[in-house]
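Listed here are the chains, written in short residue letters.
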Number of protein chains: 2
Amino acid sequence: MRFLHTADWHIGKKLHGYDLLNDQKESINQIIEIAEKEKVEAIVIAGDLYDRAVPAVEAVELLNQKLIEINLEKKFPLLAISGNHDSASRLATGQPWYRLKNFQLHTKMTQAFEPIEFVDTQFFLLPYFEPMDASFYFQEEIRTIQQAFEKVIPEIKKQFDPHKKHVLVTHFFITGSLRTESETTIEVGGLNGLSKELFKDFDYTALGHLHSKNAIRNGKIRYSGSPLKFSLSETNDEKGVFIVDTLTETVDFHPLKPIRDVKVLQASFQELLTPNYYQKLDRTCFWQFELKDRAIIPNMMNQLRSLYPFVLGVQRINGRNESVKLQELQKRSGKPEEMLTSFFEDITGDSLTKSQLKWLQEGIQAANDQEVRD
Amino acid sequence: MRFLHTADWHIGKKLHGYDLLNDQKESINQIIEIAEKEKVEAIVIAGDLYDRAVPAVEAVELLNQKLIEINLEKKFPLLAISGNHDSASRLATGQPWYRLKNFQLHTKMTQAFEPIEFVDTQFFLLPYFEPMDASFYFQEEIRTIQQAFEKVIPEIKKQFDPHKKHVLVTHFFITGSLRTESETTIEVGGLNGLSKELFKDFDYTALGHLHSKNAIRNGKIRYSGSPLKFSLSETNDEKGVFIVDTLTETVDFHPLKPIRDVKVLQASFQELLTPNYYQKLDRTCFWQFELKDRAIIPNMMNQLRSLYPFVLGVQRINGRNESVKLQELQKRSGKPEEMLTSFFEDITGDSLTKSQLKWLQEGIQAANDQEVRD
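The structure displayed is predicted, hence computed values, not measured ones. (Residues numbered from 1 in each chain as written. Chains lettered and ligands numbered in written order. Predicted model: local features only at pLDDT ≥ 70, side-chain atom pairs only at ≥ 80, totals over all residues. Heavy atoms only, no water.)

**Some points on the overall build of chain A**
Put simply, the rule reads: A run of H or I in DSSP becomes a helix once it reaches four residues, and a run of E becomes a strand once it reaches two; helices and strands are each numbered from the N terminus. Each residue's exposure class comes from its accessible area (1.4 Å probe, protein chains only) as a fraction of the maximum for that residue type: buried when under 20%, exposed when over 50%, partly exposed otherwise. Only the protein chains shown count as cover for residues, with accessible areas throughout obtained via the Shrake-Rupley method and a probe of 1.4 Å. We count Lys and Arg on the positive side and Asp and Glu on the negative side, and we leave His and both chain ends out. Taken as the charge centre is NZ of Lys, CZ of Arg, CG of Asp or CD of Glu, depending on the residue.
From N to C terminus, chain A includes 12 helices and 16 strands. For chain A, the C-alpha atoms occupy an extent of roughly 90 × 50 × 35 Å along the three principal directions. In chain A, buried positions account for 53% of the 374 residues. Surface accessibility of chain A: about 17400 Å² in total, with carbon and sulfur atoms responsible for 50%. If the 46 positive side-chain charges of chain A are averaged to one point and the 53 negative ones to another, these points end up 3 Å apart.

The structure is reproduced here in structure tokens:
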């Protein structure tokens, strides 16, 4: 059995306010190309198809369109689960009809107890669920997701056909994995992550939830990672999908190339505005700039946006960065005008425009006059 | 061809704040029973499956469950369209898979140009759409829904197979029909209704949108009406479905029996509280009371609710009803306490409780004291 493992599509997610639908569409197109080229027998999506429980209409339209293309047009069997970002009930719409075309979409814990068999492999699709769901099913008090898994995994193993390989698809945090900034922590009421031990009897565990493919270092237990970078902490992450072969027992990574990459750059403001400098850069990327400048730069963000349309933000380094901001604020002294302009700059990453400066000066003057009169 | 015509399920709708999910479930169960008893070959739902574009999770769960029961378990072909209350894009989820089991769900105007053929009949499923959609398709300026239909109907008729019957399923206001209070007026930018003339070439037009089966008096053009009473203006309406037979050219009405009917009753408060009187009433109904009393009744709504759990409201007749309220307000005079208690009663339909009366008296006293001091 040869399948493609992806997860965390988060359709509808925005990056610092920028719409990613087109980027997401392109990444799914590339996933389909890889699936075709690699002649996989199924595509596995390990949760978080949508970014939110009630996605925008445009997100619904994109996911619907791509699922139709993958399953009905390209005829790929699809094995998917709901993640913590999806509304299980909403995502379940259409599910019993999907099944007729080998599109298996599991949104309830108990559905994991019905293995999906393909070629030499049994797939167990265990969606994101709450300890309460396990309590209800097993009729006992279950407070953590670890406790729930200690009941769920043996229940799944009862269904094991010893002549077949066993693949688990699920969507949780495994203890010891590395997080990025764009994941929502699943820790309701102090729940912890899951121990790797739980998964030792599966030939492969296809995980979703963490956005980095390197979140966990284990050949048989893997996060595929998200198809796109969803936060600045993922800038150095390589995004892609895994091709898993249960016969040869190999797992190969296939990278995805984004339309707009997410990059961080250290530079001076002057460099960023110099043609010789910026012509060497891909200005259509999502750029986060770390500015070396100390001086006040009027109209900074607008100037940058005119050259770099997808600026994510600016961070001042050289003593003006986040870590020293608080100390600076506390130590700040001098004329009100200086204090306020530097405060504005620290908070907004931008400098006062001429008009803003004029208003500030007028405001300070008015306050001074008032003081004199009182 | 023998089919059942229903519409305007409005799953998730509330009646004066009361949840109707259980009532809606029961009405769909009765629709299924009628379909089975009448041995229909298809069930037609003429729009407004949901009450809102983003229905609550419980509404999604109920509709999903009932569509599975009708189409996959009971094996009824389903022909449905989106109405003005549905989000076409959201409702379309799953649609190409539904088709595999003869569940045809049309959410786009252009889908009406692909007839669905059953036995001796061609069905044209024309969902609710905006004039703009027709403008875009026909590449000309179309400002009203009447203008749009003047282009859409001939386009549909191009698909007519002269050897078959022709049924149109759609969701609009036909000029001259009678409205109730629970329909949302579809009149964007001064659009008007549709003339009956448009539908003369169809053997039957199965309409949704208006909630009364008697909204239009025409054997071949009919609103099925909603399965439940959704407003006080529908109290005298008989709710049900039509069984249409294209062979015998008959249309038969089959009533639905609600769990909780919506009723209006004229009575005195004393009567409503008298066992001999109320034991003759079905107190589990949704009751709207027209009270003959003139006197202030302390704690009125709570007293009524303890006997009639689903009171919708109280209207004072005998000079205290809506129409004279404004005049009364204007003429109101006397002590502040009397003015405020009668104002409260007029606005809320309820009387001040003892505590409220105490607060009022204290408030008036405090205001008087203040006046004296100033």
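That was the structure; now back to the text.
**What to know about the relation of the copies chain A and chain B**
Spelled out, the test is: In this comparison the copies share one frame, found by least squares on the C-alpha atoms of residues holding pLDDT of at least 70 in both. In this analysis, two residues are considered to be in contact whenever any of their non-hydrogen atoms come within 4.5 Å of each other.
You can overlay chain A on chain B at an RMSD of 0.3 Å; the transform is a turn of 180 degrees with a shift of 0.3 Å along its axis. Such a combination of turn and shift is consistent with a two-fold rotation axis. Taking C-alpha positions as the reference, the residue of chain A nearest the rotation axis is G94(A), at 2.4 Å. In this assembly, 100% of the residues forming the interface of chain A have copies in chain B that are likewise at the interface, indicating an isologous arrangement.

**Description of the sheet that holds strand β16 (residues 311-316) of chain A**
Residues and elements named next belong to chain A. Filter applied, for reference: Any two strands are treated as partners once DSSP identifies two or more bridges connecting them. Axes here mean lines fitted to C-alpha atoms, for a helix over just the part in contact, with angles spanning 0 to 180 degrees between N-to-C directions.
With parallel pairing, 3 strands are arranged side by side in an open sheet as β14-β15-β16. The sheet is open, and its two edges are formed by β14 (262-267) and β16, each paired on a single side. In this sheet, adjacent strand axes meet at a mean angle of 15 degrees when their direction is disregarded. Taken together, the 5 bridges between strand β15 (residues 286-291) and β16 define a ladder with parallel strand orientation. Bridge pairing in β16 places Q288 opposite G313. Lying on the sheet, helix α9 (residues 300-307) is in contact with β15 and β16; it crosses β16 at an angle near 135 degrees.

**With respect to the sheet that holds strand β8 (residues 121-126) of chain A**
Residues and elements named next belong to chain A. If you trace the 5 strands from one edge of the open sheet to the other, you get β7-β8-β9-β10-β11, paired in mixed fashion. Lying at the two open borders of the sheet, with one neighbouring strand each, are β7 (116-118) and β11 (221-223). Put simply, the sheet's adjacent strands are angled 20 degrees from each other on average, direction ignored. The pairing of β7 with β8 spans 3 bridges and is classified as antiparallel. Across the sheet, the residue bridging to I116 is F123, located in β8. Along the sheet, helix α6 (residues 145-157) makes contact with β8 and β9 (165-171), crossing β8 at roughly 150 degrees.

**Digging into the nonpolar core**
Threshold: Throughout this description, the term nonpolar core refers to a set of buried Ala, Val, Leu, Ile, Met, Phe, Trp, Tyr and Cys residues connected via side-chain atoms within 4.5 Å.
Ranked by internal contacts, the top residues of the largest apolar core, which has 64 residues, are L4(A), I11(A), I43(A), L4(B), I11(B) and I43(B). Residues within four places of I11(A) in sequence aside, it is in contact with L21(A), Q24(A), I28(A), L49(A), Y50(A), D51(A), A59(A), L62(A) and L63(A). Counting residues in hydrophobic clusters, the runner-up holds 31 residues, among them L168(B), L194(B), L198(B) and F199(B).

**Describing the interface of chain A and chain B**
Operational definition: As a working definition, buried area equals the accessible area (1.4 Å probe) given up by two parts on being put together, with both sides summed. A side-chain nitrogen of Lys or Arg and a carboxyl oxygen of Asp or Glu constitute a salt bridge if their distance falls within 4 Å. Nitrogen and oxygen atoms within 3.5 Å of one another constitute a polar contact, given that in protein one can donate a hydrogen and the other can accept it, and given that sequence-neighbouring residues count only through two side-chain atoms. Note on residue categories: nonpolar means Ala, Val, Leu, Ile, Met, Phe, Trp, Tyr, Cys or Pro, charged means Asp, Glu, Lys or Arg, and polar means any other residue, Gly included.
Contacts between the two partners involve 23 residues from chain A and, on the opposite side, 23 residues from chain B. When residues of chain A are sorted by the area they lose upon contact with chain B, R90(A), T93(A) and W97(A) head the list and together hold 36% of the total. Our enumeration of links across chain A and chain B arrives at 0 salt bridges. Linking chain A with chain B are 8 residue pairs in polar contact (both at pLDDT 80 or more). Sorting the residues of the side of chain A that touches chain B by element identifies α2 (57-73), α3 (88-91) and α4 (95-98) of chain A as the ones contributing at least two each. Here the side of chain A that touches chain B takes 8 residues from α2(A), the largest share from any one element. Residues belonging to the side of chain A that touches chain B are distributed by class as follows: 14 nonpolar, 6 polar and 3 charged.

**Some words on the pattern of salt bridges**
Using the criterion set out here, one finds 34 salt bridges over all chains in the structure. As a salt-bridge pair, K66(A) and E69(A) come within 2.8 Å of each other at their nearest N and O atoms. Placement of the pair is K66(A) and E69(A) together in helix α2, with a separation of 3 residues, close to one helical turn. The same class applies to K66(A) as to E69(A), namely buried. Notably, a salt bridge pairs D201(B) with K200(B), separated by 3.6 Å at the nearest N-O pair. Owing to a relative accessible area of 48%, K200(B) belongs among the partly exposed residues under this scheme. Residues participating in the shared-partner salt-bridge network are R2(A), E38(A) and D245(A).

**Examining α2(A)**
Short version of the rule: Expected helix span is taken as 1.5 Å per residue step, with the number of steps being one fewer than the number of residues.
If you check α2(A), its first and last C-alpha atoms are 22 Å apart, about what 17 residues at 1.5 Å a residue would give, namely 24 Å. By the burial criterion, the buried members of α2(A) are A59(A), V60(A), L62(A), L63(A), N64(A), K66(A), L67(A), E69(A), I70(A), N71(A) and L72(A). Tucked inside the fold, the buried residues of α2(A) contact α1 (21-37), β4 (42-46), β5 (78-81) and β6 (103-106) of chain A together with α3 (88-91) and α4 (95-98) of chain B. Positive phi shows up at K75(A), right after α2(A), with a value of about 65 degrees.

**Side note on the pairing of β6(A)**
All names here are of chain A. Alternating residues of β6 divide into F103 and L105 and Q104 and H106, and every residue in both groups is buried. With 4 bridges joining them, β5 and β6 adopt parallel strand pairing. In the sheet register, A80 faces β6, and the bridge partner there is L105.

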